[in-house]
Amino acid sequence: MYNQIKYLVKKFEHYFLNLLLIWSAFILYKNVPYYVSFLSHQTIKTLLILASSYSVLGFIYYLIIPTEKIRESKGSTIFKVLKRVSIDTIIYVKNFNSPYKKSIRMEHHEKTAILFLMVKIFFLPLMLNFFYENLNYVKNNLEIFKNPLDLISVEAFTFTLFPILVGIVFLIDTLWFSFGYTFEAEFLKNKVKSVEPTILGWVVALICYPPFNNILTKYADWYANEDIQFSTLSLTFIVKISLILLLSIYLWATLALGTKCSNLTNRGIVSRGPYSIIRHPAYISKNLFWWITIIPVFSLPAIISASTWSFIYYLRAVTEEKHLLKDPDYVKYCKKVRYRFIPFVI
């Protein structure tokens, strides 16, 4: 009887520790004032469904899988390292003045597990929230497609169809990334190999998203606006066609990542689609989109703002590459794809 209990405890240890992490994160989203005010009801409901699904399906999985096939879970890794680091910290403090004090260290896979947990906790609700914002916008404007012939004009595209297409692009983009942050598995070929290890890499990534981007916009106001209008309807139409082309490249880059979508991580090197031409197609297309949309309000403050955000994305590219260059596959990729942003230029 004792051996049976010990066997079950060992078998379900990984499940219960994962469960503890998942529901702790959900409680965080439900109670922290920022998330309470920021996350929509749809996002919270989806997070609840995801947590509940793992509670049921995870239990079934660990019930049927043989013990010898169970690999250490993220939850088990994180709690073990936290326990060990806590003990090591106490010992370190007690022996602070001793020349023989033991340093506090973590293995690569332990650091990766903890850092990816941080990535997931921050980005998953954010992407789901963006997804539902775009979904609601598109759903509320679907009536424009009831009479498709009415959309066949320069004016209809410019003022009616264009904003819906923008919403659809970001609807697909955020759904794709939401999937990437939610699921990690061998069969999906998106296991996390490493996570951005530097403070600068994290800062330049996080400052591009709420609530941190609000801090920067206090000093570099936001001027980019897709609802731009130029001196003539024809010129506005041509510009908005170019903007859709840039967004198409942006979405193409997202889809090319497949299941590997996520910020701050190396989940395997992607060299297909636009990544076979340049190394940062999403960044350059997004930045060109912003620069074009500030043309009607071209001013020194607008130029400073756009330059600031472009510099941040440049730093994102640099820090990402510094991280990824530790992977021999990325070194080979850089030799094959030489240019970061514009073919044969830079």
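Here the structure is a predicted model, which is why all the values come from computation and not from measurement.

Caption draft 1: Structural context of the overall build of the protein chain. Within the protein chain, the regular secondary structure consists of twelve helices and two strands. Helices (α) and strands (β) of the protein chain occur, in sequence order from the N terminus, as α-α-α-α-α-α-β-α-α-α-β-α-α-α. If one aligns the C-alpha atoms of the protein chain with their principal axes, the spans along those axes are about 80 × 50 × 40 Å. Classification of the 346 residues of the protein chain by burial places 43% in the buried group. The long-range share in the protein chain, meaning contacts at least 24 apart out of those at least 6 apart in sequence, stands at 77%. Total accessible area on the protein chain is roughly 19,900 Å²; 67% of this is exposed by carbon and sulfur atoms. Separation between the mean location of the 37 positive side-chain charges and that of the 21 negative ones in the protein chain comes to 9 Å.

Caption draft 2: Structural view of the pattern of salt bridges. Going through the model one piece at a time under the given rule, you end up with seven salt bridges. Across the salt bridge formed by Glu-72 and Lys-80, the nearest N and O atoms sit 3.1 Å from each other. In this structure Lys-80 comes out as partly exposed when scored by relative accessible area, which is 40%. Note that Asp-327 and Lys-193 form a salt bridge whose closest N and O atoms lie 2.8 Å from each other. Of this pair, Asp-327 sits in the loop between helix H11 (300-324) and helix H12 (328-336) while Lys-193 is found in the loop between helix H6 (154-182) and strand S1 (194-195), placing the two residues 134 residues apart along the sequence. Look at the salt bridges and you will find they share partners, linking Lys-193, Asp-327 and Asp-329 into a network.

Caption draft 3: The packing of aromatic side chains, seen in detail. On inspection of all chains with the given rule, the structure shows 30 aromatic pairs. Look at Tyr-34 and Phe-38: their rings are 5.3 Å apart centre to centre, the planes differ by 10 degrees, and that puts the pair in the stacked class. Linking Tyr-34 with Phe-38, this pair stays in helix H2 (residues 33-38), spanning four residues, or about one helical turn. You can call Tyr-34 partly exposed: its relative accessible area is 27%. According to the relative accessible area criterion, Phe-38 is partly exposed, its value standing at 22%.

Caption draft 4: Quick peek at unusual backbone geometry. Here the amide bond leading from Pro-210 into Pro-211 is cis, since omega sits at 0 degrees, within 30 degrees of zero. Here Pro-211 lies in the loop between helix H7 (199-206) and helix H8 (212-217). Located in the positive-phi region is Lys-189, a residue other than glycine, with phi close to 55 degrees. Along the chain, the position of Lys-189 falls in the loop between H6 and S1. Even without being a glycine, Phe-344 presents a positive backbone phi close to 70 degrees. Relative to the elements of secondary structure, Phe-344 occurs in the segment after H12. Accessibility expressed as a relative area gives 73% for Phe-344, which makes it exposed.

Caption draft 5: The arrangement of the packing of helix H3 (residues 41-64) against helix H5 (residues 108-140) in detail. Relative to each other, H3 and H5 sit at 130 degrees, their axes nearing to 9 Å. Judged by the angle between their axes, H3 and H5 are oblique. Crossing of H3 over H5 shows right-handed handedness. On H5, the residues that touch Gln-42, Thr-43, Thr-46, Leu-47 and Leu-50 of H3 are Leu-124, Pro-125, Leu-128, Asn-129, Tyr-132 and Asn-136. For the contact of H3 with H5, the class distribution of residues is six nonpolar, five polar and no charged.

Caption draft 6: Structural view of the side chain of Thr-112. Position of Thr-112 relative to the elements: it lies in helix H5. According to the relative accessible area criterion, Thr-112 is buried, its value standing at 6%. Not counting the four nearest positions on each side in its chain, Thr-112 is found in contact with Val-192, Lys-193, Ser-194 and Val-195.

Caption draft 7: Looking closely at H12. Where H12 is concerned, the buried positions are Tyr-330, Tyr-333 and Cys-334. Projected down its long axis, H12 shows its buried positions confined to an angular sector of 100 degrees, all on one face. When the buried face of H12 is taken as reference, the exposed residues oriented beyond 90 degrees from it are Pro-328, Lys-332, Lys-335 and Lys-336. Buried residues in H12 make contact with H11. Its side-chain oxygen 2.9 Å from the backbone nitrogen of Asp-329, Asp-327 forms the N-cap of H12.

Caption draft 8: Spatial organisation of the environment of Asn-134. Along the chain, the position of Asn-134 falls in helix H5. We classify Asn-134 as buried; its relative accessible area is 17%. The spatial distance from the C-alpha of Asn-134 to the C-alpha of Ile-164 is 9.3 Å, given a sequence separation of 30 residues. For Asn-134, the residues in contact, after removing those within four places along its chain, are Gly-167, Phe-170, Leu-171 and Thr-174.

What counts, and at which threshold
- Residues numbered from 1 in each chain as written.
- Predicted model: local features only at pLDDT ≥ 70, side-chain atom pairs only at ≥ 80, totals over all residues.
- Heavy atoms only, no water.
- Helix = DSSP H or I, 4+ residues; strand = E, 2+ residues; numbered from the N terminus.
- Buried < 20%, exposed > 50% of the residue type's maximum accessible area, 1.4 Å probe, protein only.
- Contact = heavy atoms within 4.5 Å.
- Areas by Shrake-Rupley, 256 points an atom, 1.4 Å probe, with all protein chains shown as cover.
- Lys, Arg positive; Asp, Glu negative; His and termini not counted.
- Charge placed at Lys NZ, Arg CZ, Asp CG, Glu CD.
- Salt bridge = Lys/Arg side-chain N within 4 Å of Asp/Glu carboxyl O.
- Phe/Tyr/Trp six-rings, centres within 6.5 Å; stacked < 30°, edge-to-face > 60°.
- Axes fitted to C-alpha atoms, helices over the stretch in contact; angles between N-to-C directions.
- Parallel < 35°, antiparallel > 145°, perpendicular 65-115°, else oblique.
- Left-handed = near helix turned anticlockwise from the far one by under 90°.
- Nonpolar A, V, L, I, M, F, W, Y, C, P; charged D, E, K, R; others polar.
- Arc of directions from axis to C-beta.
- Polar contact = N/O pair within 3.5 Å; in protein donor to acceptor, adjacent residues only side chain to side chain.

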